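Examining the three-dimensional arrangement
Here are the chains, one letter per residue:
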Amino acid sequence: MNFENILVTISNGLATITINRPKKLNALNKITIEELHTAFEALEDDSDVKTIMITGSGEKAFVAGADISEFAHFSVKEGAELARKGQESLFDFVENLSTPVIAAVNGFALGGGLELAMACHFRVASDNAKMGLPEVSLGVIPGYGGTQRLPQLVGKGKAMEMVMTAGMISAEEAKDSGLVNHVTTLEELMPLAEKLAGKIMRNSSVAISAAIKAVNDNFKDGINGFETEISEFGNCFGTDDFKEGTTAFLEKRKPNFPGV
Ligand code: COA
């Protein structure tokens with residue numbers, strides 16, 4: 001896959017997307033968002049890809065936000081369209097992928113950058129990372145799901161404080177708040193993400209897809225996540241992965257999941 005602003009590599013079932021605009025601290029402009037959508041869609045459709053990691057290039061930023069230069073002159077209508085299109089094509093899209101997505105936050109994750117990390121299924125961070133939603137300092141609010149996903153992860157009060165102060169928190173504080181799961185050095189960040197991906201990829205990809213759907217449904221209006229869990233649990237009994245997983249256990253051997 002060839003792109004202008006992102007790099008994509010695939011190795012042993014693990015895909016890595018690197019947002020590659022380091023001179024602009026990997027800020028999300030229109031083309032980068034479109035390329036990310038295309039890449040995520042292609043990786044989701046590739047049955048050989050079992051986990052996706054996303055990070056930023058350079059040592060300074062994961063993503064320093066949406067590209068302010070692109071929307072500074074937008075009208076009310078254009079502003080709403082920007083948020084809707086971005087949410088649909090990237091942020092909601094990533095959250096609802098059936099392939100697990102890990103964000104490896106390697107520096108500033110601000111505004112749209114933190115929103116992208118929050119749309120991923122979970123996050124790890126390097127100890128130099130700084131995270132925040134600075135939008136109100138620009139006279140706008142988070143528009144890529146930040147007001148919804150931050151309270152889900154850190155609780156309403158902490159989210160309100162972060163949004164209202166527009167401040168940044170450290171990686172350690174993000175870990176203490178539940179925003180990231182692990183913190184390590186910058187050098188160890190990708191090895192840690194790869195290690196976690198390796199653990200994921202030992203399991204049934206079909207069951208993992210079902211689990212992502214069930215967990216996500218807990219946060220969707222008008223959908224009963226317990227019902228999703230019941231039906232997805234039932235569906236697992238019809239899969240080859242379930243036969244292999246249970247048979248391997250009873251035969252006291254490691255499973256070799258076919259992924260169907
Ligand atoms: N949109 C567009 N360009 C951005 C950007 C963004 N969100 N974040 C950084 N950049 C650009 C800067 O304009 C600068 O470009 P230039 O060299 O052509 O002038 C380049 O990236 C480097 O950023 P700079 O501000 O010089 O780095 P710094 O180390 O002094 O500061 C930050 C780093 C992250 C604190 C600062 O860049 C910043 O506050 N960025 C905006 C964060 C934000 O508000 N994001 C939410 C957007 S809704």
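Remember, it's a predicted structure, so these values are computed and weren't measured experimentally. (Residues numbered from 1 in each chain as written. Predicted model: local features only at pLDDT ≥ 70, side-chain atom pairs only at ≥ 80, totals over all residues. Heavy atoms only, no water.)

Looking at the pairing of strand E2 (residues 14–19)
Of all the 6 residues making up E2, 6 are buried; the element is thus mostly covered by neighbouring parts of the structure. By the alternation rule, side chains of E2 split into Leu14, Thr16 and Thr18 and Ala15, Ile17 and Ile19, which are all buried. Sheet analysis places strand E1 (residues 6–11) next to E2, joined by 6 bridges and oriented antiparallel. Note on E2: the bridge partner recorded for Ile10 is Ala15. The pairing of E2 with strand E3 (residues 51–56) spans 6 bridges and is parallel. Bridged to Ile17 within E3 is Ile54. (Buried < 20%, exposed > 50% of the residue type's maximum accessible area, 1.4 Å probe, protein only. Helix = DSSP H or I, 4+ residues; strand = E, 2+ residues; numbered from the N terminus. Pairing = 2+ DSSP bridges.)

Some thoughts on the sheet that holds strand E6 (residues 108–110)
With mixed pairing, 4 strands are arranged side by side in an open sheet as E4-E6-E8-E9. Here the strands that pair on one side only, and so sit at the sheet edges, are strand E4 (61–63) and strand E9 (168–170). Averaged over all adjacent pairs, the angle separating strand axes in this sheet is 20°, with direction ignored. Across 2 bridges, E4 lies against E6 in parallel orientation. Paired with Ala61 across the strands is Phe108, a residue of E6. Lying on the sheet, helix H4 (residues 112–119) is in contact with E4, E6 and strand E8 (130–132); it crosses E6 at an angle near 90°. (Axes fitted to C-alpha atoms, helices over the stretch in contact; angles between N-to-C directions. Contact = heavy atoms within 4.5 Å.)

Quick word on the packing of aromatic side chains
Applying the stated criterion across every chain yields a total of 3 aromatic pairs. When the centroid spacing of 4.4 Å and the interplanar angle of 15° are considered together, the rings of Phe91 and Tyr144 count as stacked. In this pair, Phe91 sits in helix H3 (residues 76–95) while Tyr144 sits in the loop between E8 and helix H5 (146–154), placing the two residues 53 residues apart along the sequence. Between the aromatic rings of Phe237 and Phe242, the centroid separation amounts to 4.5 Å while the plane-to-plane angle is 40°, which identifies the pairing as tilted. Members of the aromatic cluster, connected to one another through ring pairs, are Phe233, Phe237 and Phe242. (Phe/Tyr/Trp six-rings, centres within 6.5 Å; stacked < 30°, edge-to-face > 60°.)

Regarding the sheet that holds E1
If you trace the 6 strands from one edge of the open sheet to the other, you get E1-E2-E3-E5-E7-E10, paired in mixed fashion. The sheet is open, and its two borders are formed by E1 and strand E10 (182–184), each paired with just one other strand. Across this sheet, the average inter-strand angle for adjacent strands is 20°, counted without regard to direction.

Examining the pattern of salt bridges
Under the defined criterion, the tally for this structure stands at 11 salt bridges. The shortest N-O distance in the salt bridge between Glu81 and Lys77 comes to 3.4 Å. Remark: Lys77 and Glu81 occur in helix H3; sequence separation between them is 4 residues, near one turn of the helix. Taking the shortest distance from any N to any O, the salt bridge between Glu173 and Lys158 comes out at 2.5 Å. Remark: Lys158 occurs in helix H6 (residues 156–165) and Glu173 occurs in helix H7 (residues 171–176); sequence separation between them is 15 residues. (Salt bridge = Lys/Arg side-chain N within 4 Å of Asp/Glu carboxyl O.)

Quick word on the side chain of Asp217
Tracing the chain through its elements places Asp217 in helix H9 (residues 205–217). Residue classification places Asp217 among the buried residues on the basis of a relative accessible area of 3%. Here the side chain of Asp217 touches Thr228 through a polar contact of 2.7 Å, side chain to side chain. (Polar contact = N/O pair within 3.5 Å; in protein donor to acceptor, adjacent residues only side chain to side chain.)

Some details on the domain arrangement of the protein
Domain boundaries assigned for the protein yield domain 1 (6–201) and domain 2 (205–250). Between the C-alpha centres of domain 1 and domain 2 the distance comes to 26 Å. Each partner contributes residues to the interface: domain 1 has 10 residues there, and domain 2 has 7 residues. Contact with domain 2 buries surface across domain 1, with Asn96, Ser98 and Gln152 losing the most and accounting together for 51% of the total. Inspection of the domain 1/domain 2 interface yields 0 salt bridges. For the pair domain 1 and domain 2, the number of links is 3 residue pairs in polar contact (both at pLDDT 80 or more). Its residues assigned to classes, the side of domain 1 that touches domain 2 shows 3 nonpolar, 5 polar and 2 charged. (Domains from an automatic or database assignment. Buried area = accessible area lost by both parts, 1.4 Å probe. Nonpolar A, V, L, I, M, F, W, Y, C, P; charged D, E, K, R; others polar.)

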